[in-house]
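Letter by letter, the chains look like this.
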Amino acid sequence: MKNIYNVMKVKDGIIGFVVGDALGVPVEFHDREDLEKNPVVGMKSYGTYNMPAGTWSDDSAMTIATMTSIVNMQEIDYEDIMNEFVKWAETSEHMQEVTGDIPFDMGITTSHAIFNYRNGAPALESGCCGERDNGNGSLMRILPLAYIKDIDWETVENISALTHAHERSKISCALYVAIAKSMLENDLSIREHIGIACDKIKKHYEKSPELKNFQRIFDNDLDDINGKGYVIYTLECVIHCLLTTDSYRDAVLKAVNIGADTDTNAAICGGLAGIYYGYDSIPVDWINEIDRIDDVVSLCEKYEEYCDRS
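Everything in this summary refers to the structure shown in the same document. (Residues numbered from 1 in each chain as written. Predicted model: local features only at pLDDT ≥ 70, side-chain atom pairs only at ≥ 80, totals over all residues. Heavy atoms only, no water.)

All right, on to unusual backbone geometry then. Despite not being glycine, Phe29 shows a phi value in the positive range, around 75°. Using a relative accessible area of 57% as the deciding quantity, one classes Phe29 as exposed. In this structure, Tyr46 is a non-glycine residue whose phi angle is positive, near 60°. Tracing the backbone through its elements, the reader meets Tyr46 in the loop between helix H3 (32-37) and helix H4 (58-73). (Buried < 20%, exposed > 50% of the residue type's maximum accessible area, 1.4 Å probe, protein only. Helix = DSSP H or I, 4+ residues; strand = E, 2+ residues; numbered from the N terminus.)

Attention now goes to the packing of H4 against helix H5 (residues 78-91). At a minimum axis separation of 9 Å, H4 and H5 run at an interaxial angle of 140°. Taken together, H4 and H5 sit at an angle that is classed as oblique. Relative to H5, the crossing made by H4 is right-handed. Residue-level inspection shows Asp58, Ala61, Met62, Ala65, Thr66, Thr68, Ser69, Asn72 and Met73 of H4 in contact with H5, the latter providing Asp80, Ile81, Glu84, Phe85 and Trp88. (Axes fitted to C-alpha atoms, helices over the stretch in contact; angles between N-to-C directions. Parallel < 35°, antiparallel > 145°, perpendicular 65-115°, else oblique. Left-handed = near helix turned anticlockwise from the far one by under 90°. Contact = heavy atoms within 4.5 Å.)

To continue, consider the packing of aromatic side chains. The full count for this structure, using the stated rule, is 6 aromatic pairs. One Lys or Arg, Lys202, reaches over the ring of Phe218 and ends 5.1 Å from the middle of that ring. (Phe/Tyr/Trp six-rings, centres within 6.5 Å; stacked < 30°, edge-to-face > 60°. Lys NZ or Arg CZ within 6 Å of the ring centre and 35° of its normal.)

So, about the nonpolar core. Judged by nonpolar contacts, the single largest core of 105 residues is most densely connected at Ile15, Val19, Ile142, Leu143, Leu145, Leu175 and Tyr303. What Leu145 contacts, discounting residues up to four positions off in sequence, is Ile70, Ile76, Ile151, Thr155, Val156, Ile159, Val177 and Tyr303. (Core = buried A, V, L, I, M, F, W, Y, C linked by side-chain atoms within 4.5 Å.)

Its location among the elements puts Leu162 in the loop between helix H7 (153-161) and helix H8 (167-185). Separated by 37 residues in the primary sequence, Leu162 and Glu125 have C-alpha atoms spaced 7.2 Å apart. For Leu162, the residues in contact, after removing those within four places along its chain, are Tyr78, Ile81, Met82, Phe85, Ala113, Ala123, Leu124, Ser126, Gly127 and Arg141.

Relative to the elements of secondary structure, Lys149 occurs in the loop between helix H6 (108-118) and H7. On the accessibility criterion, Lys149 (46% relative accessible area) is partly exposed. Remark: the alpha-carbon pair of Lys149 and Asp250, spanning 101 residues in sequence, is separated by 29 Å. Residues within four places of Lys149 in sequence aside, it is in contact with Lys181, Cys307, Asp308 and Ser310. At 3.4 Å, the side chain of Lys149 forms a polar contact with the backbone oxygen of Asp308. (Polar contact = N/O pair within 3.5 Å; in protein donor to acceptor, adjacent residues only side chain to side chain.)

Let's shift gears to the pattern of salt bridges. With the rule as written, the count across this model stands at 9 salt bridges. For the salt bridge of Lys181 with Glu185, the shortest nitrogen-to-oxygen distance reads 4.0 Å. Pair noted here: Lys181 and Glu185 are both in helix H8, with a separation of 4 residues, about one helical turn. (Salt bridge = Lys/Arg side-chain N within 4 Å of Asp/Glu carboxyl O.)

And the structure:
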């Protein structure tokens, strides 16, 4: 039997993502000042949602739902992905047993999109597209697309639009996938990966008025960051944490201890840090705290087989 823990690429990012998510769950909504006094240094129990250590949130559940659909269908089927989201929303599918039948921490825009779909809207018309619908709820589940070799801009945008259909959210997802793909394809510094991705975004979306919202990222003007759940703040926070640390551990802990949307910031940061530093860089004691981690690794194996064929 092959040792999937050594040969897989998908698990680097996805396990990095799930671990980051679980690190942030107990302190979600805590502010930076509180976390400066009592910083997170490892997996914690209970806290915000009264969950045991190693519990993942909607971030990982929706990422797992996306991967599950693609593995089951052997293609990207927007309706089927939404069906997996409905299962999660209605029965807590893709969560851990400890969370019970009702998932916790569902975002408002995501909830509205799933409601629209359940009430007959086509998958690609279910997402919300208003100015205020630019939370990080599609960014938090977009990482699996980076592993598909010939993924195109339109597909990334469509996957975002299942819940978050505003162009700002779509571009944010495209930028994140572009950073991840550069890390998967090139042996460069984190700063160089981000630069390559930013150049691609500026070229592809050169006529979009939304590009101005990404200027601080393009200029690396990220000294003043905010941990709240607005999609631009999340990208700025994640990129800042990656650029100012030199290990998986330090990157995700910094993302958590910035406060506010701690689980999502650490998950999104952990996905990229996992790719860049590798699975072996993720503290094993953190991994061992995650219930159902073997199920996630098994899904990663199946997903990698799909990506290798795609």
